[in-house]
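In case you want the letters, here they are:
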Amino acid sequence: MPLLAGHCAPLSFGGVEACDYVVAMLGVYERNDVSVAVDLFEWLYRRSMQKYPWMLS
């Protein structure tokens, strides 16, 4: 909701393989390394921006 209220595209995890999400979260929790999670979230948000361009104006 905060993204929509700020006229930003929503962040959707639809279509993401469960193993990709798990690897990203394990990196954060077990190794204190956010790099894989950042890459995943960036890819997801860029995909959302392409899917919902009308929300960004």
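None of these values were measured; they are calculated from a predicted model.

Here is what the cut-offs are and how they apply
- Residues numbered from 1 in each chain as written.
- Predicted model: local features only at pLDDT ≥ 70, side-chain atom pairs only at ≥ 80, totals over all residues.
- Heavy atoms only, no water.
- Helix = DSSP H or I, 4+ residues; strand = E, 2+ residues; numbered from the N terminus.
- Buried < 20%, exposed > 50% of the residue type's maximum accessible area, 1.4 Å probe, protein only.
- Contact = heavy atoms within 4.5 Å.
- Axes fitted to C-alpha atoms, helices over the stretch in contact; angles between N-to-C directions.
- Parallel < 35°, antiparallel > 145°, perpendicular 65-115°, else oblique.
- Nonpolar A, V, L, I, M, F, W, Y, C, P; charged D, E, K, R; others polar.
- Salt bridge = Lys/Arg side-chain N within 4 Å of Asp/Glu carboxyl O.

(A) Structural context of the side chain of Ser48. Topologically, Ser48 is positioned in helix 3 (residues 35–51). Owing to a relative accessible area of 3%, Ser48 belongs among the buried residues under this scheme. For Ser48, the contacting residues outside a window of four places in its chain are Ala9, Pro10, Leu11 and Ser12.

(B) Expanded view of the packing of helix 2 (residues 18–31) against helix 3. Contact geometry of helix 2 with helix 3 gives a least axis separation of 7 Å together with a crossing angle of 140°. The pairing of helix 2 with helix 3 is recorded here as oblique in orientation. Mapping the contact onto sequence places Asp20, Tyr21, Val23, Ala24, Met25 and Val28 in helix 2 and Val36, Ala37, Leu40 and Phe41 in helix 3. Counted by class, the contact of helix 2 with helix 3 contains nine nonpolar, no polar and one charged residues.

(C) Focus on the pattern of salt bridges. Under the counting rule described, the total for this entry stands at one salt bridge. In this structure, Arg46 engages Glu42 in a salt bridge whose closest nitrogen and oxygen atoms are separated by 3.1 Å. One end of the pair, Arg46, and the other, Glu42, are both in helix 3, four residues apart, so they sit about a helical turn from each other.

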